[in-house]
Amino acid sequence: MEEMETAIDAATSDVTKIWMDWMMIIFLSSLIFVYRRLSARFIFASLILSMPIAIWIFETTKSPHLIGIAHIVVWLPLAIYLVKAEVVEKIEKIKSPYGIYITLLLSTIVISLFFDIRDAILIAFDMKDPFI
């Protein structure tokens with residue numbers, strides 16, 4: 001675990017570290033709603049599930065850039081479920097505290113998945129990151 005944290009620190013910018021902190025905060029915020037919302041339980045479970053997958057990916061590849069595959073595997077199905085269960089079928093409740101939370105969470109997931117998929121493609125095709 002220490003080796004993974006050191007690799008992540010070495011490979012990420014301060015802005016990325018702030019983003020990672022935001023992701024942790026937004027996912028842990030599901031605990032506010034977990035007692036009343038099934039989807040909040042799924043959100044929290046996805047956070048817990050993605051951690052051992054990320055550790056396994058790092059231990060296997062030693063690449064901090066591939067840790068995002070855990071997000072693709074766990075968060076993409078979560079996002080699809082949340083859009084269907086919490087947005088499409090309950091659009092009138094989007095202005096509630098939980099609706100605002102879901103909107104922030106889904107926005108976070110979509111942005112994160114964009115970069116996770118991008119990183120996986122760059123590594124799969126042995127391409128350089130144009131932003132470094």
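Asker: I would appreciate a short explanation of the nonpolar core in the present structure.
Answerer: The nonpolar side chains of a soluble globular protein tend to be buried with one another. Counting 20 residues, the largest nonpolar core has Phe27, Ile43, Tyr101, Ile102, Leu105 and Ile109 as its most contacted members. At the level of secondary structure, the elements contributing two or more residues to this core comprise α2 (14-28), α3 (38-61), α4 (68-88) and α5 (97-124). Dropping the residues within four chain positions of it, Ile43 is found in contact with Phe27, Ser30, Leu78, Leu82, Tyr98, Tyr101, Ile102 and Leu105. Counting 9 residues, the second largest nonpolar core, distinct from the first, contains Ala7, Ala54, Phe58 and Leu66.

Asker: Whenever I open this one, the packing of aromatic side chains confuses me. Can you help?
Answerer: Given two aromatic rings, their pairing is described by the distance between the two centres and the angle made by the two planes. Taken as a whole and judged by the stated rule, the model has 6 aromatic pairs. Summarising the aromatic geometry, the rings of Phe33 and Tyr98 are spaced 4.8 Å apart at their centres and angled 65 degrees between planes, so their arrangement reads as edge-to-face. Placement of Phe33 in the loop between α2 and α3 and of Tyr98 in helix α5 is noted, with a sequence separation of 65 residues between them. The class for Phe33 is buried, based on a relative accessible area of 17%. For the ring pair Phe42 and Tyr81, a centre distance of 5.1 Å and an interplane angle of 80 degrees mean the geometry is edge-to-face. With a gap of 39 residues between them, Phe42 in helix α3 and Tyr81 in helix α4 connect regions that are remote in the sequence. You can call Phe42 partly exposed: its relative accessible area is 36%. We classify Tyr81 as partly exposed; its relative accessible area is 29%. Through a chain of ring-to-ring contacts, three or more aromatic side chains come together here, namely Phe33, Tyr98 and Tyr101.

Asker: Looking at this model, I keep getting lost on the pattern of salt bridges. Mind explaining?
Answerer: Once the charged atoms of two side chains with opposite charge are near each other, the side chains can pair. Under the defined criterion, the tally for this structure stands at 3 salt bridges. Here Lys62 and Glu3 are joined by a salt bridge, their closest N and O atoms 3.3 Å apart. Of the two residues, Lys62 is situated in the loop between α3 and α4 and Glu3 in helix α1 (residues 2-11); the sequence distance between them amounts to 59 residues. Residue Lys62 is classed as partly exposed on the basis of its relative accessible area of 40%.

Asker: For this particular structure, what's the right way to read α5?
Answerer: Because an α-helix packs 3.6 residues into every turn, residues spaced three or four apart end up facing the same way. Given a rise of 1.5 Å per residue, 28 residues ought to cover 40 Å, and the 40 Å separating the end C-alpha atoms of α5 matches this to within 8%. In the stretch just after α5, Asp126 is the one whose phi turns positive, near 50 degrees.

Here is what the cut-offs are and how they apply
Residues numbered from 1 in each chain as written. Predicted model: local features only at pLDDT ≥ 70, side-chain atom pairs only at ≥ 80, totals over all residues. Heavy atoms only, no water. Core = buried A, V, L, I, M, F, W, Y, C linked by side-chain atoms within 4.5 Å. Buried < 20%, exposed > 50% of the residue type's maximum accessible area, 1.4 Å probe, protein only. Helix = DSSP H or I, 4+ residues; strand = E, 2+ residues; numbered from the N terminus. Contact = heavy atoms within 4.5 Å. Phe/Tyr/Trp six-rings, centres within 6.5 Å; stacked < 30°, edge-to-face > 60°. Salt bridge = Lys/Arg side-chain N within 4 Å of Asp/Glu carboxyl O. Expected span 1.5 Å × (residues − 1).

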